[in-house]
Amino acid sequence: MRLAMKVAVVTGGAQGIGLAIATRFAAEGAMVVIADIDEERGAHAAATLQETGTPALFVAVDVAHAGQVARLFARTVEAFGRVDVLVNNAALAHGPGVERHFLDTDEATWDRVMAVNLKGVYLCAWHAARQMVARRAGCIINMSSCGATRAHRHRVAYDAAKGAVEAATRAMALDLAPWGIRVNAIAPGAIAVERRSPVGPEAQRTVGDVVPLARLGTGADVAGAAVYLASDDAAYVTGTVVTVDGGLSTQLRSPAVDVQITPVGPG
């Protein structure tokens with residue numbers, strides 16, 4: 001119950017990593033607001049949390065639109081009186097609208113990815129911070145990616161946005177520190193989510209083969225880091241990025257092309 005009585009807003013909370021975070025926050029005692037563009041899944045996720053006894057609310061929102069974001073935080077304050085934690089998780093990460101070769105990335109694709117993945121972070125953080133300033137406390141967690149510092153093929157707009165999210169996280173942390181508001185980021189690596197293709201067991205094992213811990217990550221892996229950053233255990237942590245990638249970004253080359261040495265072992 002490390003988040004007992006805290007009010008947490010999780011954008012993109014209807015599925016995937018966002019839903020895993022919302023579910024874990026609820027288990028830790030938080031009151032949860034799920035914000036998502038998918039109304040059917042969002043309403044179902046909030047109802048599921050309510051069935052466990054968690055005070056939960058769903059608000060439909062496209063985080064790229066200022067008016068909808070303003071409504072999200074007005075609804076949150078109306079329902080729960082304050083905002084203690086914001087998880088900026090909503091993003092365009094997979095699919096033909098994101099995964100394009102640079103030569104095929106048109107202006108509309110670039111603008112939409114930036115609007116959701118970067119402008120949305122700004123809009124939500126701005127509204128949350130204004131609520132937190134009055135109480136001189138709060139926590140903002142921005143979802144980055146290993147793509148912020150290591151390039152994906154065919155996802156230049158996504159990687160550029162995530163690099164900017166990490167820069168914004170550091171700058172927000174400095175600006176908001178005088179009010180006791182902490183701002184950090186999480187950089188997930190290869191995480192198995194339902195929107196990622198392919199996700200079958202064989203495909204997961206193949207992708208997991210290049211991860212030092214030999215598996216894809218899960219939403220629960222990322223949620224654990226989010227609980228830490230949102231809790232008092234991280235009271236002296238701000239302006240940093242927590243990487244949750246099974247060691248993926250630490251290696252120089254893929255195991256498929258690296259020399260493998262069989263350890264002799266003890267004795």
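Our next topic: the side chain of Thr169. Note on placement: Thr169 falls in helix H5 (residues 156–176). Given a relative accessible area of 1%, Thr169 falls into the buried group. The contact partners of Thr169, leaving out residues within four places of it in the chain, are Asn142, Val183, Asn184, Ala185 and Thr240.

For the structure on display, the rule yields eight salt bridges. In this structure, the salt-bridge partner of Arg41 is Asp38, at a minimum N-O distance of 3.9 Å. Given the relative accessible area of 26%, Asp38 is considered partly exposed. The network of salt bridges with common partners includes Arg82, Asp84 and Arg135.

Moving on to unusual backbone geometry. Non-glycine residue Met5 carries a positive phi angle of around 70°. Looking at the secondary structure, you find Met5 in the segment before strand S1 (7–11). Its identity as a non-glycine residue notwithstanding, Ala214 has a phi of 65°, on the positive side. Examined against the element boundaries, Ala214 turns out to sit in the loop between helix H6 (201–208) and helix H7 (219–230).

Let's shift gears to the side chain of Glu166. Along the polypeptide, Glu166 turns up in helix H5. Among buried charged residues, Glu166 stands out as having no salt bridge; its nearest opposite-charge side chain is Arg170, 4.4 Å away. A distance of 2.7 Å separates the side chain of Glu166 from the side chain of Ser144, its partner in a polar contact. Here Glu166 is in contact with Ser144, Ser145, Ala148, Thr149, Ala187 and Val241, once residues within four sequence places are set aside.

Across the sheet, which stays open at both edges, the seven strands sit in the order S3-S2-S1-S4-S5-S6-S7 with parallel pairing between neighbours. Both outer strands of the open sheet, strand S3 (56–60) and strand S7 (241–244), are each paired with one neighbouring strand and no more. Recorded for the sheet is a direction-independent mean angle of 15° between the axes of neighbouring strands. The sheet contact formed by strand S6 (residues 181–188) and S7 spans four bridges and is parallel.

This paragraph deals with the pairing of strand S4 (residues 85–88). Where burial is concerned, the two faces of S4 agree: the one with Val85 and Val87 and the one with Leu86 and Asn88 are both buried. When S1 meets S4, the two strands line up parallel, connected through three bridges. Along S4, the bridge assignment pairs Ala8 with Val85. As judged from the four bridges shared by S4 and strand S5 (residues 138–143), these two strands associate in the parallel manner. Bridge pairing in S5 links Leu86 to Ile140. You can see the chain leave S4, run along helix H4 (residues 107–133) and come back into S5, and the turn it takes is right-handed.

Under the definition given, this model contains zero disulfides. Residue Cys139 stays outside any disulfide, its sulfur separated by 14 Å from that of Cys124, the closest cysteine.

Another point: the layout of surface pockets. Within this model, the second largest pocket holds a volume of roughly 270 Å³. Surrounding the second largest pocket, 18 residues form its lining, Ala137, Gly138, Cys139, Gly180 and Arg182 being those nearest its centre. Residue assignment for the lining of the second largest pocket shows that the elements contributing at least two residues are S5 and S6. Grouping the constituent residues of the lining of the second largest pocket by class yields nine nonpolar, four polar and five charged.

Each value, and the rule that gives it
Residues numbered from 1 in each chain as written. Predicted model: local features only at pLDDT ≥ 70, side-chain atom pairs only at ≥ 80, totals over all residues. Heavy atoms only, no water. Helix = DSSP H or I, 4+ residues; strand = E, 2+ residues; numbered from the N terminus. Buried < 20%, exposed > 50% of the residue type's maximum accessible area, 1.4 Å probe, protein only. Contact = heavy atoms within 4.5 Å. Salt bridge = Lys/Arg side-chain N within 4 Å of Asp/Glu carboxyl O. Lys, Arg positive; Asp, Glu negative; His and termini not counted. Polar contact = N/O pair within 3.5 Å; in protein donor to acceptor, adjacent residues only side chain to side chain. Pairing = 2+ DSSP bridges. Axes fitted to C-alpha atoms, helices over the stretch in contact; angles between N-to-C directions. Right-handed = clockwise from strand over helix to strand, strands pointing away. Disulfide = S-S within 2.5 Å. 1 Å grid on protein atoms, 1.4 Å probe; cavity = no way out; pocket = protein on both sides within 12 Å on 5 of 7 lines; lining within 4 Å. Points joined across faces, edges and corners; volume = space filled by probe spheres on them. Nonpolar A, V, L, I, M, F, W, Y, C, P; charged D, E, K, R; others polar.

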